[in-house]
Amino acid sequence: MNIDWAALGTVFGVSLVATVALVGLFTLGIVGLSKQPEPAAQGGSAGGSLALARTGAYVCFGLCAAAVAYGIYLIVA
């Protein structure tokens, strides 16, 4: 049996980077959704910051879903 170690290393490296990136994006989405307005600043500019955090979280989740869908596409096609 002949193993192409360079190809195996490439697959391992790409898998590691993709996994860390996907987990990082999902974590950023969770952090964005966990932002709550502070009790003292409920009426001021905290609403804009909260909306920006939620929008960023939804973008992160969308990118995660796109990466998973692309992975499924690569497996099926």
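Coordinates for the structure precede this section.
Source: prediction; values computed, not measured.

Where do I start with a nonpolar patch on the surface in this structure?
On the surface, Met1, Ile3, Trp5 and Leu8 cluster together to form a nonpolar patch covering roughly 560 Å² of accessible area. You can see Trp5 is positioned in helix H1 (residues 5–34).

Before we go on, may I ask you to explain the layout of surface pockets in this structure?
Where empty space is left becomes clear once a probe the size of a water molecule has been rolled over the atoms. In this structure, the largest pocket encloses a volume near 180 Å³. Among the elements that make up the lining of the largest pocket, the one with the highest residue count is H1 (seven residues). Across the lining of the largest pocket, the residue classes break down as six nonpolar, two polar and no charged.

What exactly am I supposed to notice about the environment of Cys64 here?
Position of Cys64 among the secondary structure elements: in helix H2 (residues 46–76). Cys64 sits 41 residues away from Val23 along the chain, and the two C-alpha atoms are 8.6 Å apart. With residues up to four places along the chain from it excluded, the contact list for Cys64 reads Leu22, Leu25 and Phe26.

What is the right way to read the environment of Ala21 from this model?
In this fold, Ala21 is placed in helix H1. In this structure, the C-alpha to C-alpha distance between Ala21 and Cys64, residues 43 residues apart in sequence, is 9.2 Å.

Scoring rules and cut-offs
Residues numbered from 1 in each chain as written. Predicted model: local features only at pLDDT ≥ 70, side-chain atom pairs only at ≥ 80, totals over all residues. Heavy atoms only, no water. Patch = residues over 30% accessible without salt bridge, like charges linked within 9 Å, V, L, I, M, F, W, Y side chains within 5 Å. Areas by Shrake-Rupley, 256 points an atom, 1.4 Å probe, with all protein chains shown as cover. Salt bridge = Lys/Arg side-chain N within 4 Å of Asp/Glu carboxyl O. Helix = DSSP H or I, 4+ residues; strand = E, 2+ residues; numbered from the N terminus. 1 Å grid on protein atoms, 1.4 Å probe; cavity = no way out; pocket = protein on both sides within 12 Å on 5 of 7 lines; lining within 4 Å. Points joined across faces, edges and corners; volume = space filled by probe spheres on them. Nonpolar A, V, L, I, M, F, W, Y, C, P; charged D, E, K, R; others polar. Contact = heavy atoms within 4.5 Å.

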